Amino acid sequence: MPIDALYITATGDHRELTSAQQKKIGRAIASARRARGFVWIDLVDPDESELRALAAELNLHPLATTDMAEGRQQPKVQSYHEPLFVVMWSLLYANAKSDIGIGEVFLYIGDGFLLTLQRSRDRRRTLPDLRAVLDDDDRPATTLLSTAYAVMAVIVAGYTEVTNAIEDELEVLESQVFDEETEDDAQRIYRLRQKIGKVDRASSTLAISVQTGQEHLKKLTVGDESIEPYLQDLLDDLVGTASLATDQSAALDGVVSTHENNVARQQNSDMRKISALAALLAIPTVTAGLYGMNFKNLPGVNWQFGWLAVVVAVIALDIWAFVAFKRRKWL
C-alpha cells in the first residue's frame, strides 16, 4: 500500500521513511516514540481499502475511520480518550472570478504519529501542500502537536486569504450598486453571497468545535505548553474570520437590497416611459380611428382645410403631452 510518510525527530529534522519502514509503519512509530519523535503519514484521496488497512494497523478509532472513508463531514473536533480527531474544510480559491471549491482535511493525532488525509470535492482544484509547513521557519513544527497546529494554521490562513479577497470584491460591488451610472451585476452579487456562505460555514463551525474541544487540546499540550499561545491565536483567527464573514453577509444584504431597489426603480422608470410613449401614440391613433368611420357630421369633414386643422391639433396635443411628461420626468 503506498504511504507518504515522514519521520520527524525531537529537534524538528525530518526524513522520508524507507519502503521497508512504510510496510512496517507500526514499528516505525514505536521507534519514533522511543526517540521522542513521531511519524507523519500524509494521504491524499486514498482508496477506502487502503485507508481501512492503514487504520487497522494504526488502531484508529472506528468512528474516525468511517468519517475519513466516507468524507462529506462537517468541521469538528472529537476526542477518543488520548487520540484527537479534527475535521476541517480547506477553501480552494484561485481568483475573484472563480468560485470557491471545498476540500476536506482530516487530522488524527495519535500516540507517536500524525495522520493527515485530504479529500477534494472538486477534482479540478489543487489541494494545499500540507508538508510545506516543515520548511516554513515561521511555524513551530517540531513536536507532534505543533505540527498538527501548523497544518491547521495553513488551512485557517486560507480562510483569511479568501475573506480578504471577498472584502475587496464587496467594496467594488458597494461602489457599483450605489452608483446610478454603473449597471449592477446580479450574477456577481449572488456569486459573492455563495462565497461568503462557504467561508462562514467553514470557519464558524470549526471555531465552535475548537472552543468545545479546548480541554482536549490542553491535555495534549502537557509537556509542550509553549504551543498553547499558538492554539489560542488559531482560535482567535477562526472567531475573527467567522465574525468578519457574518459582517460581510450583512453588508451584502444591504447591497442586495439596494440592487433590488435599483431594479424596481428602473422597472418603474421603464414603465413610465412606455406609458408616456403609448399616450403620445394614442392621440393620433384615436383621432385617425374617429375620422376613419366616415361620418358626415364630423368636425371639419366638409371643410377644404379640415384635414390640416386636424393634423395641427393632433401635433399640438402631442407636444403638450410631451412637455407634461417631460416635466414629470416620465421621459
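Residues numbered from 1 in each chain as written. Predicted model: local features only at pLDDT ≥ 70, side-chain atom pairs only at ≥ 80, totals over all residues. Heavy atoms only, no water.

**Re the sheet that holds strand β3 (residues 38-44)**
Part 1: Strands sit in the order β2-β1-β3-β7-β6-β5-β4 across an open sheet of seven strands; the sheet is mixed. Either end of the sheet is taken by a strand with one partner, and the two such strands are β2 (14-16) and β4 (76-79). With direction set aside, neighbouring strand axes in the sheet form an average angle of 20 degrees.
Part 2: Sheet topology places strand β1 (residues 4-8) next to β3; five bridges connect them, and they run antiparallel. Note on β3: the bridge partner recorded for Leu6 is Trp40. (Pairing = 2+ DSSP bridges. Helix = DSSP H or I, 4+ residues; strand = E, 2+ residues; numbered from the N terminus. Axes fitted to C-alpha atoms, helices over the stretch in contact; angles between N-to-C directions.)

**Digging into the packing of aromatic side chains**
Part 1: Inspection of every chain in the model, using the stated rule, returns six aromatic pairs.
Part 2: Seen from their ring centres, Tyr80 and Phe85 are 6.3 Å apart, and the 35 degrees between their planes marks the pair as tilted.
Part 3: We classify Tyr80 as buried; its relative accessible area is 10%.
Part 4: What makes Phe85 buried here is its relative accessible area of 0%.
Part 5: The interplanar angle of 15 degrees and the centroid separation of 5.9 Å between the aromatic rings of Phe325 and Trp330 together place this pair among those described as stacked.
Part 6: Of the aromatic side chains, those joined through ring pairs into one cluster are Tyr80, Phe85, Phe106, Tyr108 and Phe113. (Phe/Tyr/Trp six-rings, centres within 6.5 Å; stacked < 30°, edge-to-face > 60°. Buried < 20%, exposed > 50% of the residue type's maximum accessible area, 1.4 Å probe, protein only.)

**Brief notes about the pairing of strand β7 (residues 113-120)**
Part 1: The buried count for β7 comes to eight of eight residues, which makes it a mostly enclosed element.
Part 2: Taking every second residue as pointing to the same face, both faces of β7 are buried, with Phe113, Leu115, Leu117 and Arg119 on one and Leu114, Thr116, Gln118 and Ser120 on the other.
Part 3: The sheet contact formed by β3 and β7 spans six bridges and is parallel. Residue pairing for β7: Asp42 is matched across the bridge by Thr116.

**Some words on the side chain of Lys195**
Part 1: As for its placement among the helices and strands, Lys195 is situated in helix α6 (residues 186-212).
Part 2: Among the residues examined, Lys195 registers a relative accessible area of 2% and is labelled buried.
Part 3: A polar atom in the side chain of Lys195 sits 3.5 Å from the side chain of Glu169. (Polar contact = N/O pair within 3.5 Å; in protein donor to acceptor, adjacent residues only side chain to side chain.)

**Some words on a nonpolar patch on the surface**
Part 1: Together, Trp303, Phe305, Trp307, Leu308, Val311, Val312, Ile315, Ile319, Phe322 and Val323 make up a nonpolar patch on the protein surface, roughly 990 Å² of accessible area in all.
Part 2: You can see Phe305 is positioned in the loop between α8 (228-291) and α9 (306-327). (Patch = residues over 30% accessible without salt bridge, like charges linked within 9 Å, V, L, I, M, F, W, Y side chains within 5 Å. Areas by Shrake-Rupley, 256 points an atom, 1.4 Å probe, with all protein chains shown as cover. Salt bridge = Lys/Arg side-chain N within 4 Å of Asp/Glu carboxyl O.)

**Observations concerning the nonpolar core**
Part 1: Core analysis: the biggest nonpolar cluster contains 54 residues, and Trp40, Met88, Leu91, Leu107, Leu114, Tyr159 and Leu252 have the highest contact counts within it.
Part 2: For this core, the secondary structure elements donating two or more residues are β1, β3, β5 (84-92), β6 (101-109), α5 (144-177), α6 and α8.
Part 3: Examining the composition of this core, we find that 16 residues originate from one element, α5, more than from any other.
Part 4: Those residues in contact with Trp40 that sit more than four places away from it in its chain are Asp4, Ala5, Leu6, Ile8, Leu114, Thr116, Leu130, Arg131, Val133, Leu134, Thr147 and Val151.
Part 5: In this structure, Ala28, Ala64, Ala69 and Phe113 belong to the second largest nonpolar core, which totals 26 residues. (Core = buried A, V, L, I, M, F, W, Y, C linked by side-chain atoms within 4.5 Å. Contact = heavy atoms within 4.5 Å.)

**Looking at unusual backbone geometry**
Part 1: Here the phi dihedral of Arg36 falls at roughly 60 degrees; this positive angle occurs in a residue that is not glycine.
Part 2: Relative to the helices and strands, Arg36 is located in the loop between α2 (25-34) and β3.

**Examining α9**
Part 1: Taking 1.5 Å of rise per residue, the 22 residues of α9 would be expected to cover 32 Å, and the 32 Å separating its terminal C-alpha atoms lies within 8% of that figure.
Part 2: Those residues of α9 not exposed but buried are Gly306, Val314, Ala321, Ala324 and Phe325. Projected onto a plane normal to the axis of α9, the buried residues spread over an arc of 95 degrees and lie on a single side. The outward face of α9, more than 90 degrees from its buried face, is lined by the exposed residues Ile319, Trp320 and Arg327.
Part 3: Where the residues of α9 are buried, they touch α8.
Part 4: Directly after α9, the chain includes Lys329, whose backbone phi takes a positive value near 60 degrees. (Expected span 1.5 Å × (residues − 1). Arc of directions from axis to C-beta.)

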